[in-house]
Amino acid sequence: MSAIRAVIFDMDGCLVDSEPMSLQTLADLMAAEGLDTTIDELRRKFLGVSIQSIVSHIAESLDRDDLPHFAQDFEARLLARYPAELRVIPGIPALLDDLAARGVAVAIATGSSIHRLGVTLQVAGLADRFGDRIFSADQVKRGKPAPDLFLLASDRLGVPREACAVMEDSPHGIVGARAAGMRAVGFTGGSHLAGMQADHARRLTDAGATVVLPDMDGMLDALLDRQPTDR
């Protein structure tokens, strides 16, 4: 196996603890459209899925051709909460420091829109960590679980896919990373997975994650495949 030269991060639930806000905002907007659901159901169906795919699913459920303002309303409501509520996942700054010290490139591959991606990184104070190495589902024809977004990141980084590792909290992301031929490491430390870490870890393993960790302890070794992590 090639030495890992780049790590590609999912954003929501991996770099920033944003998923609880995202899931609740989505549930509220769906309820306004007449679709009552639960946070658990949304987490199971849509974690890691682009908002465009979610809107298509909702429109189909409502037997409508389109929901022209849903995605914009969702993003506006969500981003309005960020300045007061968004937090960086504990241990991420130190992990990024460790990767930089070893000359490992970092990038983001997210189902979020380009606009949301930019705002999130600015509010979280992570924009300078990634520069222009940020990639959104807006830039590819097929979002996760297709491999397209990860392959775009690999191509733009100039790093072969087999030399890339991915950190993901969603089964869709793990499937996409493996389909792209990349090492896939699962993460269950986001607060949206509180109380269900073990069950979600099994879902990530079933999706193809090589290792699944509940926090950043051992994450550097897991991503760089330096030695098996016994957790």
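Before any of the text, the structure's been laid out above.
Note that the structure is predicted; figures quoted are calculated from it, not measured. (Residues numbered from 1 in each chain as written. Predicted model: local features only at pLDDT ≥ 70, side-chain atom pairs only at ≥ 80, totals over all residues. Heavy atoms only, no water.)

1. Re the environment of T110
To keep things clear, this is the line we draw: Helix and strand definitions here come from DSSP, where helices need a minimum of 4 consecutive H or I residues and strands a minimum of 2 consecutive E residues; each element is numbered from the N-terminal end. Buried means the residue's accessible area, taken with a 1.4 Å probe over protein chains only, is under 20% of the maximum for its type, while exposed means over 50%, and partly exposed covers the values in between. The contact criterion used is simple: two residues touch if any of their non-hydrogen atoms lie within 4.5 Å. Two N or O atoms count as a polar contact when they lie within 3.5 Å, although within protein this holds only if one can serve as hydrogen donor and the other as acceptor, and sequence-adjacent residues are included solely when both atoms are side-chain atoms.
Looking at where T110 falls in the secondary structure, it is placed in strand β2 (residues 105–110). The buried category is assigned to T110, whose relative accessible area is 1%. In the structure, T110 is positioned 28 residues away from D138 in sequence and 9.2 Å away in space, judged by C-alpha atoms. Ignoring anything within four residues of it in the chain, the contact list for T110 reads D10, M11, D12, L117, F135, S136, A137, K144 and L149. Within the local environment of T110, its side chain forms a polar contact with the backbone nitrogen of S112, the two atoms lying 3.0 Å apart.

2. Observations concerning the packing of aromatic side chains
Note the following rule: Pairing of aromatic side chains here covers Phe, Tyr and the six-membered ring of Trp, requires ring centres within 6.5 Å, and sorts the geometry by plane angle: under 30 degrees stacked, over 60 edge-to-face, intermediate tilted.
Here the structure, examined in full by the defined rule, presents one aromatic pair. With centroids separated by 6.2 Å and ring planes inclined at 80 degrees, the aromatic side chains of F9 and F130 adopt a geometry described as edge-to-face. In this pair, F9 is assigned in strand β1 (residues 6–9) and F130 in helix α7 (residues 127–130), connecting sequence segments 121 residues apart. A residue is classified by how much of its surface remains accessible, and F9, at 0% relative accessible area, is buried. Exposure remark for F130: the relative accessible area of 0% places this residue in the buried category.

3. Let's talk about the pairing of β1
Side chains on a regular strand alternate between the two faces of the sheet. Counted only if it meets this: One bridge is not enough; two strands pair if DSSP finds at least two bridges between them.
Residue alternation in β1 divides its side chains into two sets, A6 and I8 and V7 and F9, and both sets are buried. Strand direction decides the pairing type here: β1 and β2, joined by four bridges, are parallel. When the sheet's bridge partners are listed, V7 is paired in β2 with V106.

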